[in-house]
Amino acid sequence: MNKIAVFTSGGDAPGMNACIRAVVRTSMYYGIEVFGIRRGYNGMIAGDIYQMTSHSVSNIIQRGGTILKSARSKEFMTKEGRQKAFEQLQKFGIQGLVAIGGNGTFTGATTFYDEFGIPTVGAPGTIDNDLYGTDYTIGYDTAVNTALEAIDKIRDTADSHDRVFFIEVMGRDSGYIAIQCGIAGGAEIVMVPEVLTPISEVVETLKQGWNRSKSSSIIVVAEGDEEGNAAEVADKIKARLEVDMDIRVTTLGHIQRGGIPTAYDRILASRLGLGAVEGLMNGEKNVMVGLINNEIVYTPFRDTIRLPKPINEDMLRMVKILST
């Protein structure tokens, strides 16, 4: 394999640029020509492809977002769109792909290989940390630290005004950000999609705190919790509370997806980018490169896509014990 391409797809995540840098410089180290594809599968279809050099990735390791841009492509979901993408790759002689993204990205790559035989190694780029086959995903650590900084500031206001804050963090299908932020931020309750936390339990916890003269509380809610988002949960709580608590809601939103990546995310992304290129060189295809117990591993896309990543039960237990 002497020509490969790298692209980012789906939601952006801090550390993607560090991964792109590692892919480019590893390729050059091994004498492989490397190309960048702008705007994910859309760019692949449009032929927005250019050759990258060491200079192309200078001074990007510390930058958030992705220099290759990102997009979700409806056209690539069609056979005609994938045919166009294949023809564009053929023009450049590209023999393999490094896809930095999540489940949707890897699903597309699997179908693409089945139809046209272009092997792909994926690098897990998503702040949600919800991909089976790796302990951590690129961007997760930065997102947790960004959310935690906001939670710490909100706690100052909560304490000053005797308020209860419901803080919504990202995590449509995964509670990893919520759990880590809840523990590190001293939250009284954490609500995640993986475990049902009944409204009655939240009400009881707040009442117990009130009876102990606890006048402020922080409840961290993952956006995909079964009881609803933070605003919906807060409304349900207000309807059941018998005491007059000052309840406020804050949604952190896309602030969690941006910003300078932490040292951990830069190093993780660099290891995974290097591992992706070496995987292609060694004949890996349709796999995600991940880190488990600090070792590089390759997990088939079908497992990464199909298998759920379980939440750490000890973390949930820790929240309950430490909030008493």
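The structure we're discussing is the one just above.
Figured I'd write up the structure that's included with this text. (Residues numbered from 1 in each chain as written. Predicted model: local features only at pLDDT ≥ 70, side-chain atom pairs only at ≥ 80, totals over all residues. Heavy atoms only, no water.)

**So, the packing of helix α7 (residues 199-211) against helix α8 (residues 230-240)**
How two helices pack is summed up by the angle between their axes together with the distance between the axes.
Link 1 in the chain: At a minimum axis separation of 10 Å, α7 and α8 run at an interaxial angle of 65 degrees. Of the two elements, α7 crosses α8, and the hand of that crossing is right-handed. Side by side, α7 and α8 meet where Ile199, Ser200, Val202, Val203 and Leu206 of the first sit next to Val233, Lys236, Ile237 and Arg240 of the second.
Link 2 in the chain: A per-class count over the contact of α7 with α8 returns six nonpolar, one polar and two charged. (Axes fitted to C-alpha atoms, helices over the stretch in contact; angles between N-to-C directions. Helix = DSSP H or I, 4+ residues; strand = E, 2+ residues; numbered from the N terminus. Left-handed = near helix turned anticlockwise from the far one by under 90°. Contact = heavy atoms within 4.5 Å. Nonpolar A, V, L, I, M, F, W, Y, C, P; charged D, E, K, R; others polar.)

**Regarding the pattern of salt bridges**
A side chain of one charge can pair with a side chain of the opposite charge when the charged atoms of the two come close.
Link 1 in the chain: Scanning the entire structure with this criterion turns up 13 salt bridges.
Link 2 in the chain: When the shortest N-O distance is used, the salt bridge between Glu188 and Arg155 registers 3.9 Å. One end of the pair, Glu188, is in the loop between α6 (176-184) and β7 (189-191); the other, Arg155, is in helix α5 (residues 140-161), with 33 residues separating them in the sequence.
Link 3 in the chain: The partner of Arg306 in a salt bridge is Asp303, and the shortest N-O contact between them spans 3.0 Å. Of the two residues, Arg306 and Asp303 are both situated in helix α10 (residues 301-306); the distance of three residues between them amounts to about one turn of the helix.
Link 4 in the chain: You can call Arg306 exposed: its relative accessible area is 57%.
Link 5 in the chain: A single network of salt bridges, built from pairs that share partners, joins Arg38, Arg39 and Asp48. (Salt bridge = Lys/Arg side-chain N within 4 Å of Asp/Glu carboxyl O. Buried < 20%, exposed > 50% of the residue type's maximum accessible area, 1.4 Å probe, protein only.)

**Points about the sheet that holds strand β9 (residues 246-251)**
Backbone hydrogen bonds hold the strands of a sheet together, and the pairing may be parallel or antiparallel.
Link 1 in the chain: The strand order across the open sheet formed by four strands is β7-β8-β6-β9, and the pairing between neighbours is parallel. Among the strands making up the open sheet, the edge pair consists of β7 and β9. Here the strands of the sheet are splayed against their neighbours by 20 degrees on average, with no regard to which way each runs.
Link 2 in the chain: Relative to strand β8 (residues 217-222), β7 runs parallel, the two sharing three bridges. What sits directly across from Ile189, in β8, is Ile219.
Link 3 in the chain: Against the sheet, α6 engages β6 (163-169), β7 and β8, with an angle of about 175 degrees to β7. (Pairing = 2+ DSSP bridges.)

**Re the packing of aromatic side chains**
To describe a pair of aromatic rings, you give the distance between the ring centres and the angle between the ring planes.
Link 1 in the chain: This model, assessed by the stated rule, comprises eleven aromatic pairs.
Link 2 in the chain: Plain terms: the ring middles of Tyr41 and Phe76 are 3.8 Å apart, the flat faces sit at 15 degrees to each other, and that makes the pair stacked. Of this pair, Tyr41 sits in helix α2 (residues 40-46) while Phe76 is found in the loop between β3 (49-51) and α3 (79-92), placing the two residues 35 residues apart along the sequence.
Link 3 in the chain: Residue classification places Phe76 among the buried residues on the basis of a relative accessible area of 3%.
Link 4 in the chain: Taking the centre distance of 5.4 Å and the plane angle of 55 degrees together, the rings of Phe76 and Phe112 count as tilted. Residue Phe76 is found in the loop between β3 and α3, and its partner Phe112 is found in helix α4 (residues 103-116); the two are separated by 36 residues along the sequence. (Phe/Tyr/Trp six-rings, centres within 6.5 Å; stacked < 30°, edge-to-face > 60°.)

**Here's the deal with helix α9 (residues 263-281)**
Link 1 in the chain: Between its first and last C-alpha atoms α9 spans 27 Å; for 19 residues at 1.5 Å apiece the expected length is 27 Å, and the two agree.
Link 2 in the chain: Of the residues making up α9, those classed as buried are Asp265, Leu268, Ala269, Leu272, Gly273, Gly275, Ala276, Val277, Gly279 and Leu280.
Link 3 in the chain: Directly after α9, the chain includes Gly283, whose backbone phi takes a positive value near 90 degrees. (Expected span 1.5 Å × (residues − 1).)

**Notes on the sheet that holds β3**
Link 1 in the chain: A sheet is described by the order of its strands in space; here seven strands give the open sequence β3-β2-β1-β4-β5-β10-β11, paired in mixed fashion. Bordering the open sheet on either side are β3 and β11 (295-300), each of which pairs with just one other strand. Each neighbouring strand pair of the sheet contributes to a mean axis angle of 30 degrees, computed without reference to strand direction.
Link 2 in the chain: Across five bridges, the pairing between strand β1 (residues 3-8) and strand β2 (residues 33-37) is parallel. Residue pairing across strands places Phe7 opposite Ile37, the latter belonging to β2.
Link 3 in the chain: Contacting β1, β2, β3 and β4 (96-101), α3 runs over the sheet at an angle of about 20 degrees to β3.
Link 4 in the chain: This element, α4, spans β1, β4, β5 (120-124) and β10 (287-292) of the sheet and lies at about 160 degrees to β4.

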